[in-house]
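Observations on the three-dimensional arrangement
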Amino acid sequence: MDAASRGPRPLSKQYVAALEARVASLEERLSIKSNVSTRPPETPSLTSQVPTTLPITTFASKPNLADTPPADPPNQQDSNSEPVEELTDLLGTFKIGDASELHYLGPTSNFNLNRNHDFKDISAVGARMQGIEAARQLTNFQEVSEDLRDHLLGLYWCWQNCRQYLVPQESFLRDLHVDKSSPLCTPLLLTTILAYASQYSGKLELRTNPGDPNTAGHQLYLQAKAILHCEYEAPATSTVQAAGLLGLYGAALDRESLGWVYVGTASRMAFSLGFHSDCSEYVLTGILSPEDADARNVARWGVYVLDRPACIQEYNITAPEPSTSPDNLSWTDAINQTRLPPFPTSHIATNAIYTCELFAILSEVLDRL
């Protein structure tokens, strides 16, 4: 018996449950909207009647970097489209994965309505362990001593992170030296930072070919690449940061096609994890720590400068600006450990915020073309 004679395969129980939940939710919201339209004008709007635990937009603040969406001409506005827009905006939400990562499900997904749906994907911790094992199987696996690690980290904070702000320095170093358990300093992110910072160092042990400076950090890059390949299955904040840095590493070696592949991957993973949406509600409930939320915001705006996917408009971005607390960090010479005059402080976050504002202005122009 061939496949055609057997007929269509039955739908899975998860799919049916999600579809039923979506239909029930739409009916409920249409009913609420119908009741609202028959009440006096002072009656609260639909948005205020929906529980704040479901939609992102009910607890998300307005974006700081791009104020409002471009207005449509009057002849293109349709009064009947308002309920549809409200419904679709309300249906985007976060889901918590099996390792407490936040996943963003947009309004086109049925699974954002089915509260009993669990993620069956490999956890971020499991993917991380697989990546470490894969990297150790590489030929000429490079172990980095603590002295060399600190030397490269100093170069990275001094010359790279101040220009493309992707990693919050204070929380990263606290996890590296004190906590050693949170996802802020993962092997992938640390290896990627060391590989990129090797380009600033003159130490010959970092080169695969001592006579070619372009080979500095190449072995560390291969190790980071192996770990990233496994973490694609369950990305986390550090995965997005590492992919963005690998894109910059490729561009630094004049391999622009490779760089754009990594940058595009980082951008899409950031969208999948909902970096463009405000997650402050999950900080208040204890699901996310303030450090994790800050790392998400820093990574989100850092990737925004590298690439903005066409699926995100400026008015869809509700993530807050990065914290300006890193501005108080002193900008020191990574070699001599002395302050670099005439700049006593780094102003890393403020520079990043102003850069994002410039890109937001440019994005509005590009959206109108």
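Small disclaimer: the values here were computed from a predicted structure and weren't measured.

Before going further, it helps to spend a moment on the overall build of the protein. Of regular secondary structure, the protein possesses 14 helices and 2 strands. Counting over 369 residues, the protein shows a buried share of 45%. The long-range fraction of contacts in the protein, counting pairs at least 24 apart against all pairs at least 6 apart in sequence, stands at 67%. Accessible surface for the protein amounts to roughly 19500 Å². Of this, 54% is attributable to carbon and sulfur atoms.

Attention now goes to a nonpolar patch on the surface. Taken together, the side chains of Leu358, Phe359 and Ile361 define a hydrophobic patch exposed on the protein surface, amounting to about 300 Å² of accessible area. Among the residues examined, Ile361 registers a relative accessible area of 54% and is labelled exposed.

This next bit is on helix α6 (residues 146-159). Helix length check: α6 (14 residues) gives 20 Å between terminal C-alpha atoms against 20 Å at 1.5 Å per residue, within 8%. For α6, every residue scored as buried is listed here: Leu148, Arg149, His151, Leu152, Leu153, Gly154, Leu155, Tyr156, Trp157 and Cys158. In this structure, the buried side of α6 is in contact with α7 (169-179), α8 (187-197) and α10 (237-252).

With that settled, consider the pattern of salt bridges. With the rule as written, the count across this model stands at 3 salt bridges. Note that Glu143 and Arg136 form a salt bridge whose closest N and O atoms lie 3.1 Å from each other. Among the salt bridges present, the one from Asp150 reaches Arg149, with a minimum N-O distance of 3.2 Å. Note on Asp150: relative accessible area 37%, which makes it partly exposed. The class for Arg149 is buried, based on a relative accessible area of 14%.

This brings us to helix α13 (residues 290-306). Given a rise of 1.5 Å per residue, 17 residues ought to cover 24 Å, and the 25 Å separating the end C-alpha atoms of α13 matches this to within 8%. Extensive coverage of α13 is indicated by the burial of 13 of its 17 residues.

The next point concerns the nonpolar core. In terms of nonpolar packing, the biggest core is built from 45 residues, with Leu153, Val167, Phe172, Ile193 and Val240 touching the most fellow members. Listing elements by their share of this core, those giving two or more residues are α6, α7, α8, α9 (218-231), α10, α11 (256-272) and α13. For this core, the leading source of residues is α8, giving 8 residues. Grouped together as the second largest cluster of nonpolar side chains are 6 residues, Trp301, Tyr304, Ala319 and Cys356 included.

To continue, consider the packing of helix α5 (residues 124-136) against α9. Direction vectors running N to C along α5 and α9 enclose 145°, while the axes themselves pass 8 Å from each other. Crossing handedness for the pair α5 and α9: right-handed. Packed against α5, whose contacting residues are Ala127, Arg128, Gln130, Gly131, Ile132, Ala134 and Ala135, the element α9 presents Gln223, Ala226, Ile227, Cys230 and Glu231 at the interface. Its residues assigned to classes, the contact of α5 with α9 comprises 7 nonpolar, 3 polar and 2 charged.

All right, on to empty space enclosed by the protein then. Under the criterion given, the structure shown has 2 cavities of 30 Å³ or more. Counted as a void, the second largest cavity has a volume near 50 Å³. Lining the second largest cavity, in full, are Val167, Pro168, Ser171, Phe172, Pro183, Leu184, Thr237, Gln241 and Ala295. Of all the elements in the fold, those that place two or more residues in the lining of the second largest cavity are α7 and α10.

On to the packing of aromatic side chains. Scanning the entire structure with this criterion turns up 5 aromatic pairs. When the ring of Trp157 is compared with that of Phe172, the centres are 5.6 Å apart and the planes differ by 70°; the resulting orientation is edge-to-face. Of this pair, Trp157 sits in helix α6 while Phe172 sits in helix α7; the two residues are 15 residues apart in sequence, bridging distant segments of the chain. The residues Trp157 and Phe172 share a single accessibility class, namely buried.

In most cases, non-glycine residues show a negative phi, while peptide bonds are predominantly trans. A positive phi angle, near 60°, is found at Asn140, a position not held by glycine. For Asn140, the position within the fold is in the loop between α5 and α6.

The calculated volume of the second largest pocket comes to roughly 680 Å³. Forming the walls of the second largest pocket are 25 residues, and the residues nearest its centre are Leu176, Thr186, Pro187, Leu190 and Thr191. Contributing elements (two or more residues each) for the lining of the second largest pocket: α5, α6, α7, α8 and α9. Considered class by class, the residues forming the lining of the second largest pocket number 11 nonpolar, 7 polar and 7 charged.

Looking now at the environment of Gly244. Turning to its location among the elements, Gly244 is positioned in helix α10. Residues Gly244 and Val263, spaced 19 residues apart in sequence, show a C-alpha to C-alpha distance of 5.1 Å. Discounting chain neighbours no more than four positions away, the residues touching Gly244 are Leu166, Ala266 and Leu306.

What counts as what
- What you see as residue numbers is a count from 1 along each chain, following the sequence as written.
- Selection of residues for local features in this predicted model requires a pLDDT of at least 70, selection of side-chain atom pairs for listing and counting requires 80 or more, and totals for whole chains, interfaces and linings are taken over all residues.
- Computation of side-chain values covers all heavy atoms of the structure but excludes hydrogens and water.
- Only DSSP runs of H or I covering at least 4 residues are called helices, and only runs of E covering at least 2 are called strands; the numbering of each starts at the N terminus.
- Note on exposure labels: buried denotes an accessible area under 20% of the residue type's maximum, exposed denotes more than 50%, and partly exposed covers the range between, all computed with a 1.4 Å probe on protein chains only.
- The contact criterion used is simple: two residues touch if any of their non-hydrogen atoms lie within 4.5 Å.
- Computed with the Shrake-Rupley method and a 1.4 Å probe, the accessible areas treat only the protein chains shown as cover for residues.
- Residues enter patches when they are more than 30% accessible in relative terms and free of salt bridges; like-charged ones are connected within 9 Å and nonpolar ones (Val, Leu, Ile, Met, Phe, Trp, Tyr) within 5 Å.
- Criterion for a salt bridge: a side-chain nitrogen of Lys or Arg within 4 Å of a carboxyl oxygen of Asp or Glu.
- Any helix carries an expected span of 1.5 Å times its number of residues minus one.
- Among the buried residues, those of types Ala, Val, Leu, Ile, Met, Phe, Trp, Tyr and Cys that are joined through side-chain atoms within 4.5 Å form a nonpolar core.
- Axes here refer to lines fitted to C-alpha atoms; in helices the fit is confined to the stretch in contact. Angles between the N-to-C directions go from 0 to 180 degrees.
- Each crossing is labelled by how the near helix is turned from the far one, with a counterclockwise turn of less than a right angle marking it left-handed and a clockwise turn marking it right-handed.
- We call Asp, Glu, Lys and Arg charged. Ala, Val, Leu, Ile, Met, Phe, Trp, Tyr, Cys and Pro are nonpolar, and the rest, Gly among them, are polar.
- Put plainly, a pocket is an open set of points on a 1 Å grid over the protein atoms alone with protein on both sides within 12 Å along at least five of seven lines, a cavity is a set where a 1.4 Å probe fits but cannot get out, and a lining residue has an atom within 4 Å of a point.
- Grid points are joined across faces, edges and corners, and a volume is the space filled by probe spheres set on the points.
- Whether two aromatic rings pair depends on their centres lying within 6.5 Å, for rings of Phe, Tyr and Trp, where Trp uses its six-membered ring; planes under 30 degrees apart make the pair stacked, over 60 edge-to-face, and the rest tilted.

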